[in-house]
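One letter stands for each residue in the lines below.
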Amino acid sequence: MRLFPKDSLRRKFNFSLIGVASLILLFFSMALVSFDSLNIQSELENQLTKASKFAETTLPSALWQFDYDYIDEFVESVFLYDEFVFVNIFTGGERIISRYHPDFQGVTFEFFKESSQFITNETGIQYDGKVIGKIQLAISRNKIKKALVRYIVFIVGLTVLLILAISATTLFLTGRYIFSPLRKLEKSAREIAKGNLNAIIDKSSPDEIGHLAKIIDDMRGSIQNMFVQVSKTEELDLLNLELKKEIAEHRKTEAALKDSEHKLLAVLDATPFPVALA
């Protein structure tokens, strides 16, 4: 036996509830994902801006004095943030240091700049009002991708749990408070339809089903009264028929007596001797 028959009201109710709940969950999840993605995007852009500002503040003297140790320490500090994948520093038109994420060895700045998977920034470095170099930075949007994957897994898991919870709740609540009383009422209605007007009807429920049961009970009472009236009518018809038969018999008897009387008078008239009638 199928858990939810094709045309079952429980099936329609369950699927409708699951659909509405899933749509609401999907809507809020999309809103949450969009909001969080924008926050992560803003956070990454702020990191990139801070790194550029920090470079504008600290690198001019190091570039002017060719302090490569400090420049290298600066690059190391940038790569303490896992999101940074590329740093390029130029001075006098020459590249003095480049640092890549291991997955992007040998990739040019143009690659990061043209890809939608990265956020890039190119900032000039000035010393005494003159541009003495520039720094190129690239940061990965992979953090957003990871957040999306986490949200998708979370949403899928939550949706599955929601469907299971709704199904279990629907089975319990509708089975106990709706479909079980309806099945009893259906059984009583079938008994009445078969002619058993003494079938038991449960009218104890205080809800709409109990109200429906009372209506069916009233209908049964009306049918019983109708049968009583029909029975009385049939009895009257039977008495009327018997009365008509008695009247017909009485008329036949009366006619027979009259006929006998006429015959007797005819006989008397035909007799030449006078006959005294007692």
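Everything that follows concerns the structure shown earlier in this document.
The rules behind the values
- Residues numbered from 1 in each chain as written.
- Predicted model: local features only at pLDDT ≥ 70, side-chain atom pairs only at ≥ 80, totals over all residues.
- Heavy atoms only, no water.
- Helix = DSSP H or I, 4+ residues; strand = E, 2+ residues; numbered from the N terminus.
- Rg over C-alpha atoms; globule rule 2.2 N^0.38 Å.
- Buried < 20%, exposed > 50% of the residue type's maximum accessible area, 1.4 Å probe, protein only.
- Contact = heavy atoms within 4.5 Å.
- Lys, Arg positive; Asp, Glu negative; His and termini not counted.
- Charge placed at Lys NZ, Arg CZ, Asp CG, Glu CD.
- Phe/Tyr/Trp six-rings, centres within 6.5 Å; stacked < 30°, edge-to-face > 60°.
- Arc of directions from axis to C-beta.
- Pairing = 2+ DSSP bridges.
- Patch = residues over 30% accessible without salt bridge, like charges linked within 9 Å, V, L, I, M, F, W, Y side chains within 5 Å.
- Areas by Shrake-Rupley, 256 points an atom, 1.4 Å probe, with all protein chains shown as cover.
- Salt bridge = Lys/Arg side-chain N within 4 Å of Asp/Glu carboxyl O.
- Bend = angle between axes of the 7 residues up to and from the residue.
- Axes fitted to C-alpha atoms, helices over the stretch in contact; angles between N-to-C directions.

Draft legend 1. Representation of the overall build of the protein within the structure. Each helix and strand in the protein was counted, giving five helices and four strands. When the helices and strands of the protein are read in sequence order from the N terminus, they spell out α-α-β-β-α-β-β-α-α. A compact globule built from 278 residues would reach a C-alpha radius of gyration of about 19 Å, whereas the protein, at 52 Å, exceeds it by more than 25%. The principal-axis extents of the C-alpha atoms in the protein amount to approximately 185 × 35 × 35 Å. Looking at the protein as a whole, 28% of its 278 residues qualify as buried. By sequence separation, contacts in the protein at least 24 residues apart represent 56% of the contacts at least 6 residues apart. Positive and negative side-chain charges of the protein, numbering 33 and 35 respectively, have mean locations separated by a distance of 5 Å.

Draft legend 2. View of unusual backbone geometry. For Phe66, which is not glycine, the phi torsion reads 55° and is therefore positive. Following the sequence through the fold, Phe66 ends up in the loop between helix 1 (9–64) and helix 2 (68–78).

Draft legend 3. The packing of aromatic side chains, seen in detail. Using the criterion set out here, one finds 13 aromatic pairs in the structure. Between Phe111 and Phe118 the ring centres are 6.1 Å apart and the planes differ by 55°, which places this aromatic pair in the tilted class. Three or more aromatic residues joined by ring pairs make a cluster, and in this case those are Phe86, Tyr100, Phe104, Phe109, Phe111, Phe112 and Phe118.

Draft legend 4. Representation of helix 2 in the model. Inspection of helix 2 places Ile71, Phe74, Val75 and Val78 among the buried residues, and these make up the whole buried set. The arc that holds every buried residue of helix 2, seen down its axis, measures 95°, which confines them to one face. Facing away from the buried side of helix 2 by more than 90 degrees, the exposed set consists of Asp69 and Glu73.

Draft legend 5. Quick peek at the pairing of strand 3 (residues 118–127). Strand direction decides the pairing type here: strand 3 and strand 4 (residues 130–140), joined by ten bridges, are antiparallel. Across the sheet, the residue bridging to Thr123 is Ile135, located in strand 4.

Draft legend 6. Representation of a nonpolar patch on the surface. On the surface, Leu148, Ile152, Val156, Val160, Leu161 and Leu164 cluster together to form a nonpolar patch covering roughly 550 Å² of accessible area. Counting through the fold element by element, Ile152 comes out in helix 4 (residues 142–193). Given a relative accessible area of 52%, Ile152 falls into the exposed group.

Draft legend 7. Up close: helix 4. The sharpest bend along helix 4 measures roughly 55° and falls at Gly175. A positive phi of about 110° marks Gly195, the residue just after helix 4.

Draft legend 8. How the structure looks around the sheet that holds strand 4. Pairing is antiparallel across the open sheet formed by four strands, whose spatial order is 2-1-4-3. Both edges of this open sheet fall to strand 2 (94–100) and strand 3, since each of them pairs with a single strand only. Ignoring which end each strand starts from, the neighbouring axes of this sheet average 15° apart. The strands that helix 2 touches are strand 1 (84–91), strand 2 and strand 4; relative to strand 2, the one it contacts most, it runs at about 30°.

Draft legend 9. Spatial organisation of the environment of Ile18. As for its position among the elements, Ile18 is in helix 1. Considering only alpha carbons, one finds Ile18 and Ile163, 145 residues apart in sequence, at a separation of 6.1 Å. Excluding residues within four positions of it along the chain, Ile18 makes contact with Ile163, Ile166 and Ser167.

Draft legend 10. How the structure looks around the environment of Val75. Summarising the element assignment, Val75 is placed in helix 2. C-alpha separation for the pair Val75 and Glu43, spaced 32 residues apart in sequence, amounts to 20 Å. What Val75 contacts, discounting residues up to four positions off in sequence, is Val87, Ile89, Ile97 and Arg99.

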